[in-house]
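Given next are the chains, with one letter for each unit.
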Amino acid sequence: MTQINFAYLNEQTKRMIRRALLKAVAIPGYQVPFASREMPMPYGWGTGGVQVTAAILTPDDTLKVIDQGADDTTNAVSIRKFFARTAGVATTTETQKATIIQTRHRVPEHPLTEGQILVYQVPIPEPLRFLEPRETETRTMHALEEYGVMHVKLYEDIATHGHIATSYAYPAKVASRYVFDPSPIPKFDNPKLNHCAALQLFGAGREKRIYAVPPFTQVISLDFEDHPFEVQRWDTPCAICGSGTGYLDEIITDDAGTRMFVCSDTDHCATQAALKAGPNAA
Amino acid sequence: MLLEVKGLNKRYEGQVACEDVSFDLWPGEVLAIVGESGSGKTSLLKCISTQLGFDSGTVHYKGADLGAMGEAAKRELMRTQWGFVHQDARDGLRMGVSAGANVGERLMAVGERHYGSIRQTAAEWMARVEIDPARMDESPRQFSGGMRQRLQIARNLVSRPQLIFMDEPTGGLDVSVQARLLDLLRGLVRDMGLAAIVVTHDLAVAKLLSSRIMVMQKGRVVEQGLTDQVLEDPQAAYSQLLVSSVLQV
Amino acid sequence: MYVAVKGGEKAIDAAHEYLAEKRRGDAASPELSIAQIDGQLALAVDRVMAEGSLYDRELAALAIKQARGDLIEAIFLLRAHRTTLARFGTSLPLNMNAMRISRRISAAFKDIPGGQVLGPTFDYTHRLLDSSLLADQEPVRAASADVPLAASIPRVLELLGQEGLIEPAADDGQPAGDITEEPLDFPSTRDRRLQVLARGDEGFLLSLAYSTQRGYGRNHPFVGEIRFGCVPVSICPEELGFEIYIGEIEVTECEMINQFHGTADVPPQFTRGYGLVFGQLERKAMSMALVDRALRVAEFAEDQIGPAQDEEFVLSHCDNVQATGFVEHLKLPHYVDFQAELALLRTLRKERET
Ligand SMILES: Nc1ncnc2c1ncn2[C@@H]1O[C@H](COP(=O)(O)OP(=O)(O)OP(=O)(O)O)[C@@H](O)[C@H]1O
Ligand SMILES: [Mg+2]
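All values derive from a computational prediction rather than experimental measurement.

Right, let's get into the interface of chain A and chain C. Each side of the interface is counted separately: chain A has 63 residues, and chain C has 51 residues. Of the roughly 4700 Å² buried at the junction of chain A and chain C (both faces included), carbon and sulfur atoms supply 59%. For the interface between chain A and chain C, the tally reads 7 salt bridges. As a salt-bridge pair, Arg 134 of chain A and Asp 310 of chain C come within 2.7 Å of each other at their nearest N and O atoms. Across the contact surface, chain A and chain C share 25 residue pairs in polar contact (both at pLDDT 80 or more). If you list the elements that add at least two residues to the side of chain A that touches chain C, you get α3 (74-87), α4 (135-143), β11 (248-252) and β12 (259-263) of chain A.

Now the structure itself:
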């Protein structure tokens, strides 16, 4: 069988994806259709993110891959291995050392910096999809900026539950124009997208769409003045590192249902734990 | 002038729906379009309100040619300055969301972002169309036909439009409900200074609501004039037939 | 003290090793060869090539072996491999009249010029398990026909076309789209729709086709002609400017004759539904033809009453590589979103109590 190209995709395909990326960066939040390829991992398992990463990766890059905030979840391991094998790039688990971070469902806790690129894996790129299943309709709604239904949904949430009942994949408006889906990150992460120093790229392989938030771009989560957007909070800090700033995962530790809360960002957790242990700790 | 329709023609494959229709509408004026079934009333209403394309002629709204207007500007008109009351309330309502959200939608679409005041306004409008505001979190599915029709009216009027299109607004309702609804509509139109085009095959409705009337037959306007005049002393043969064929009201 | 689980990498490697053992099965029984799969499970190979969109019997057989007989997994393997291949050319349209026919039937006419050619088919077998196949068999050599097939066999729908009884299927001269190069867009065009259907899931298309027969978008179908056989494939490289024959492939073609249609300007004519797939996959070719016709609702101003007539619905959901990926991705961790939902639900319940 033929020799596999650097980062799996052939150059023709990479060029096609880069063209889509350029357009996406030029029109923040606009979903650019692209001829998504079948990848050696299933659709729905990050093929969009993988294609974006493959198209922007250079041999000098240092790649970090996370799923649910962790570097060692099965899918993160599998994607990191894929690029280590097909591109031979350096990999890292440290947010600060990475030039490209591919993620599923989280934004790292450590603030991203200029020059870094965050690549999101996106299952359903269309924020209007569950209000209107037809692509032909949603496309028109975006074109004409008809986003009233989004607020109707939020209104209904409050009328029914007393709260906006969206806890992840929380829709936001980018650069005062397009409403977009930040991928299924918890709404806790939404504020990190606003004026982020890093370039943020979103790839949806199965749905064949790419979109972007350029560095230092305004991203505002939809809300009402009297029911403002709020992020999740926890009563206790992380049980491992003691940090009170990150998003926490709930762990059930025994049959009696005892629970503890620990950082979902494993790199952040390790860094905080090391800080706490002090410079003398081994 | 609010609306100016000139030489409008609309045909479906082989079938004439509107032929050379022209008329003017002034602010605050209510025009009734009457005519037998299939005479082209609904088609005309849809053409004017840009829901349906037409073959030739022009429609100007406040001097702007609707034919030359972009889709975005047209939709903007539809959700701010215009209202459309459908014969079947289900076509005009979002049946999947609460009554309150139905009324509040236009406010949100034009940028209102205060939940409390949206709700307040929605409640006021529900009261105004005689629906108990305590029922604002219910689905319109739980409403009667007459209530749905009133909800549809509230949903349209909440943005304080200047022109409202109504296609058989009292169709399918029983007589006593019809009478109440007409009363309500008459009051609203007067209080808000609304202009309206009301399609109806019922001359009693025309008489109650409109100041001017336009009689259509086979897609053509056969007569138009002040409602009282036309009903008292119809000129065209077809109008005479129409007036004489209904019970005196 | 709780310690976060590490070593996902090791666990994955171990799982892969276990998978390899299971794939091989009982070490005492001989290993399947690729040639055996190709030769004796030929229809599975056909399906994997068709839905994998890659005509290569050996690779398809390899995929089936690697996938332990899971055909959707094998299709996926083939598609992923396809991504790595560079394109060196685009084949010219197949000349279906040049087919070396193995099978050719029509259900519309009893006798047709060129005759009914049954070929290798299950159609007339009794579906009784054949216990003699439990043991190895002496190879069978089928007798060949006494009379050779006519050199040129006319197409049934063309015979109808001579009388103007069926809509023409002339080349409109427009270059065909390519769904692998440009993403599908709605409303789509028939060329693109057919491409999507050709690689669509056989089971999904079969069920949709069946639904049209049961009234969810009926289109009065008759099998005008089904052909199966080998057709030559040629390319015409730009730098050479002449055609080069590069080999032949087996395909099944189904031409349906459907509900007639007429307008003020055109007298009523039968309409067409078309199916074409790699290999001998009649069920797929027929389903494709029925769904193709169902999706032409707008063209004939028909009422859309069934899901098979809904272009966005059919085309967005018929690809099994996409479908299996997204359904199966639910197995991936969703701790973070689930945590978010859990916290929200707890808040809502707490507020209700107070
Ligand atoms: N979508 C359509 N396609 C073809 N012909 C149509 C269509 N809609 C209406 N027509 C035809 O156009 C003519 C006018 O119809 P229209 O619905 O405007 O009449 P109408 O005056 O509103 O009738 P009614 O009082 O029954 O509602 C009729 O002959 C009708 O059959
Ligand atoms: Mg009508």
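This part covers the interface of chain A and chain B. Contact with chain A, which involves 16 residues of that partner, is made by 20 residues of chain B. Interface area, chain A with chain B, both sides summed: about 1700 Å², of which 62% is carbon and sulfur. On the chain A side of the contact with chain B, Leu 144, Val 152 and Tyr 155 of chain A bury the most area, a combined 34% of that side's loss. Between chain A and chain B we count 2 salt bridges in total.

Residue and element names in this part refer to chain A. Enumeration according to the criterion identifies 1 cavity of 30 Å³ or more in this entry. Each pocket or cavity is described by its volume, and for the largest cavity that value is around 130 Å³. Around the largest cavity, the lining comprises 16 residues; the ones closest to its centre are Gly 44, Gly 46, Gln 121, Val 122 and Pro 123. When residues in the lining of the largest cavity are grouped by element, the largest group, 3 residues, is from helix α2 (residues 47-56). Considering only residue class, the lining of the largest cavity consists of 4 nonpolar, 10 polar and 2 charged.

With that out of the way, let us pick up the site of ligand 1. Residues and elements named next belong to chain B. Neighbouring ligand 1 are the residues Tyr 12, Gln 15, Ala 17, Glu 36, Ser 37, Gly 38, Ser 39, Gly 40, Lys 41, Thr 42 and Ser 43. Between ligand 1 and the protein, one listed contact pairs an oxygen atom with a side-chain N or O atom of Gln 15 at 3.1 Å. Take Gly 40: an N or O atom from its main chain is 2.9 Å from an oxygen atom of ligand 1. Relative to its unbound accessible surface of 630 Å², ligand 1 loses 60% to contact with the protein. Breaking the shell around ligand 1 down by element, the ones donating at least two residues are β2 (15-25) and α1 (41-48). Residue contributions to the shell around ligand 1 peak at 3 residues, all from α1.

Pairing between sheet strands relies on hydrogen bonds along the backbone, with the strands arranged either parallel or antiparallel. Residue and element names in this part refer to chain A. The strand order across the open sheet built from 3 strands is β7-β6-β10, with neighbouring strands paired in antiparallel fashion. For this open sheet the edge positions go to β7 (178-180) and β10 (219-221), each flanked by a neighbour on one side alone. In this sheet, adjacent strand axes meet at a mean angle of 30° when their direction is disregarded. Bridge count between strand β6 (residues 172-174) and β7: 3 bridges; the pairing is antiparallel. Of the residues in β7, the one forming a bridge with Lys 173 is Val 179.

Turning to the arrangement of the chains, a few remarks are in order. In this assembly, 2 pairs of chains are in contact, and the pair contributing the most contacts is chains A and C. Separated in space, chain B and chain C share no contact, their closest pair of C-alpha atoms being 8 Å apart.

All names here are of chain A. When you line up the elements, Asp 157 lands in helix α5 (residues 148-161). Residue Asp 157 is classed as buried on the basis of its relative accessible area of 9%. Within the local environment of Asp 157, its side chain forms a polar contact with the side chain of Lys 153, the two groups lying 2.9 Å apart. Dropping the residues within four chain positions of it, Asp 157 is found in contact with Gly 162, His 163, Ile 164, Ala 165 and Thr 166.

Bringing the side chain of Glu 202 of chain C into the picture now. All names here are of chain C. Structurally, Glu 202 is set in helix α8 (residues 202-213). Within polar-contact distance, the side chain of Glu 202 engages the side chain of Arg 283 at 2.7 Å. In this structure Glu 202 touches Arg 47, Glu 51, Leu 281, Arg 283 and Lys 284, once residues within four positions along its chain are discounted.

Next up on the list: helix α9 (residues 282-294) of chain C. Helical geometry note: an α-helix holds 3.6 residues per turn, so side chains three or four residues apart project in the same direction. All names here are of chain C. A rise of 1.5 Å per residue sets the reference length of α9, with its 13 residues, at 18 Å; its end C-alpha atoms lie 18 Å apart and thus fit the reference within 8%. Burial within α9 is extensive, with 11 of its 13 residues counted as buried. Of all the positions in α9, only Glu 282, Lys 284, Ala 285, Ser 287, Met 288, Ala 289, Leu 290, Val 291, Asp 292, Arg 293 and Ala 294 are classed as buried.

It is worth spelling out the packing of helix α1 (residues 11-26) of chain A against α2 of chain A at this point. For any two helices packed against each other, the geometry is given by the interaxial angle and the distance between the axes. All names here are of chain A. The contact between α1 and α2 brings their axes to 9 Å, and the two run at 100°. In terms of orientation, α1 and α2 fall into the roughly perpendicular class. Listed contacts from α2 to Lys 14, Ile 17, Arg 18 and Leu 21 of α1 are Gln 51, Val 52, Ala 54, Ala 55 and Ile 56.

All names here are of chain A. Across the sheet, which stays open at both edges, the 7 strands sit in the order β1-β9-β8-β5-β4-β2-β3 with mixed pairing between neighbours. Where the open sheet ends on each side, the last strands, each with one partner, are β1 (32-33) and β3 (90-91). Helix-sheet contacts for α2 involve β2 (62-67), β4 (100-104), β5 (117-121), β8 (199-204) and β9 (209-213), and the interaxial angle to β5 is about 150°.

Reading the values: the criteria
Residues numbered from 1 in each chain as written. Chains lettered and ligands numbered in written order. Predicted model: local features only at pLDDT ≥ 70, side-chain atom pairs only at ≥ 80, totals over all residues. Heavy atoms only, no water. Contact = heavy atoms within 4.5 Å. Buried area = accessible area lost by both parts, 1.4 Å probe. Salt bridge = Lys/Arg side-chain N within 4 Å of Asp/Glu carboxyl O. Polar contact = N/O pair within 3.5 Å; in protein donor to acceptor, adjacent residues only side chain to side chain. Helix = DSSP H or I, 4+ residues; strand = E, 2+ residues; numbered from the N terminus. 1 Å grid on protein atoms, 1.4 Å probe; cavity = no way out; pocket = protein on both sides within 12 Å on 5 of 7 lines; lining within 4 Å. Points joined across faces, edges and corners; volume = space filled by probe spheres on them. Nonpolar A, V, L, I, M, F, W, Y, C, P; charged D, E, K, R; others polar. Near = heavy atom within 4 Å. Areas by Shrake-Rupley, 256 points an atom, 1.4 Å probe, with all protein chains shown as cover. Pairing = 2+ DSSP bridges. Axes fitted to C-alpha atoms, helices over the stretch in contact; angles between N-to-C directions. Buried < 20%, exposed > 50% of the residue type's maximum accessible area, 1.4 Å probe, protein only. Expected span 1.5 Å × (residues − 1). Parallel < 35°, antiparallel > 145°, perpendicular 65-115°, else oblique.

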